[in-house]
Each structure stands twice: as C-alpha cells, then as structure tokens.
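Listed below, chain by chain, are the residues.
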Amino acid sequence: LATLRHLTICSITLLCLFVAIGGCAPISREACVQESAYDIGYDAALENADRDGRFERVSKICIKQDRVVDRAQYLEGFAAGTAAFCQIGNGFGWGRRGRAYNGVCQDAEFDMAYDGGLRAYKFEKRMEEIRSRLEYIRGRLSSITDILRNEPLTDERRRALIAEEDRLIIERSDLLTEQQSLAL
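None of the values given here were measured: they were computed from a predicted structure. (Residues numbered from 1 in each chain as written. Predicted model: local features only at pLDDT ≥ 70, side-chain atom pairs only at ≥ 80, totals over all residues. Heavy atoms only, no water.)

(A) How the structure looks around the packing of aromatic side chains. Under the definition given, this model contains eight aromatic pairs. Arranged with centres 4.9 Å apart and planes meeting at 55°, the rings of Phe55 and Tyr74 form a pair that is tilted. Remark: Tyr74 occurs in helix α5 (residues 71–85) and Phe55 occurs in helix α4 (residues 51–63); sequence separation between them is 19 residues. Taking the relative accessible area as the measure of exposure, Phe55 reaches 10% and is therefore buried. Residue Tyr74 is classed as buried on the basis of its relative accessible area of 0%. With a centroid separation of 5.1 Å and 45° between ring planes, the pair formed by Tyr101 and Tyr114 is classed as tilted. One end of the pair, Tyr101, is in the loop between α6 (88–96) and α7 (108–150); the other, Tyr114, is in helix α7, and 13 residues separate them in sequence. The exposure class of Tyr101 is buried, given its relative accessible area of 18%. Owing to a relative accessible area of 8%, Tyr114 belongs among the buried residues under this scheme. Aromatic ring contacts, followed pair by pair, group Phe85, Trp94, Tyr101, Phe110 and Tyr114 into a single cluster. For Arg71, the ring lying beneath its charged end belongs to Phe55, and the centroid distance is 4.8 Å. (Phe/Tyr/Trp six-rings, centres within 6.5 Å; stacked < 30°, edge-to-face > 60°. Helix = DSSP H or I, 4+ residues; strand = E, 2+ residues; numbered from the N terminus. Buried < 20%, exposed > 50% of the residue type's maximum accessible area, 1.4 Å probe, protein only. Lys NZ or Arg CZ within 6 Å of the ring centre and 35° of its normal.)

Put into structure tokens, the structure is as follows:
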C-alpha cells in the first residue's frame, strides 16, 4: 500500500511538472475555431498564464487552424480575466491548491491571501508526508520485529536489522516531534 501511494505521488508530481513546463497545449484546436480572442484571453488570465507567452503559443496553434487571434481582443479579454482572477478569495484558493502565482494581480491583499493559502497547502502536504512515512515506519518496524522473533538469521543479518530498527525508531521520534510542532 505504501509503495502504491508512493508511486501515485510520484506520478502526480511528474504530471504537475510536465504541465508546469508547458507540456500541455494552452488551447485545443476546437477552441481556436470556436472561441473569440476575448474569451481566449479571459480564460488565459483565469489560469494565471503569462499574458504574452500564452498569446504566442495560442497564436501558433490557431494559425494551423487558419485562425489569426486578434491581439487587441485577446488583451482586452486578458485584462477582464485578470480582474476576475484577482479576487482575494481566489488568491487564498489558488495558493491552497498549491498553484504557482505569477504576481499579475499587483494587489497586496491578494498576495497575502495567496501566501496564506500556500502556507496551508504546504502545511497539509507536509503533514501528509509525515503521516505516510510514519505509516511506512510502523509497518517496517512490525516486519523487523517479526523477522527477528521468527526467522533464523545470521549474526550479520540480525545486526543489520537491529541497526535499521534503531534508525527507524529515531526517525519516527523526529517525525512525531515535527508533527507536534507543526500542529501548534
């Protein structure tokens, strides 16, 4: 179960990294044809996209669909989308989901709300990492105890298991201390 959880976390992390470095198209071919330049800009702002970088990427995709995106309309939509994005509650929610923020709002209250949400996200993420690691340690210590009690072992293997057990007990203690200090 712990291995499955670790693989799931790794897969999600790789997916997020892929998306963060631009692995996904900013717009579908259908949206190039169907959406107005205003709507494309509006949606880009709501996604906290880089205004000019997104316009360039969208334009490259849309030109393949024989569509030229009107820059003035795109910028007008982006401005309206930025105003909608830059609501204080959205700042907290954006941070709370661990999303990167490019500073487009230029609003101290939004920034404070985002920072508060991001702190909450990081706190919960760390607490989950601690819980997961403690679960693994609990299972491994139980396994080591069973092996030490029930299996014939060479002296070398017994010493190695006891050393691992000692390391895990220390790590568990450190994690429990961290968990308590975070909870305060």
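So, next bit.
(B) How the structure looks around the pattern of salt bridges. Here the structure, examined in full by the defined rule, presents nine salt bridges. Measuring nitrogen to oxygen at the nearest pair gives 3.2 Å for the salt bridge that ties Glu129 to Arg126. Here Glu129 and its partner Arg126 are both found in helix α7, three residues apart, which amounts to about one turn of the helix. The class of Glu129 is partly exposed, set by a relative accessible area of 37%. We classify Arg126 as partly exposed; its relative accessible area is 29%. Two residues, Arg140 and Glu164, come together in a salt bridge whose shortest N-O distance is 2.8 Å. (Salt bridge = Lys/Arg side-chain N within 4 Å of Asp/Glu carboxyl O.)

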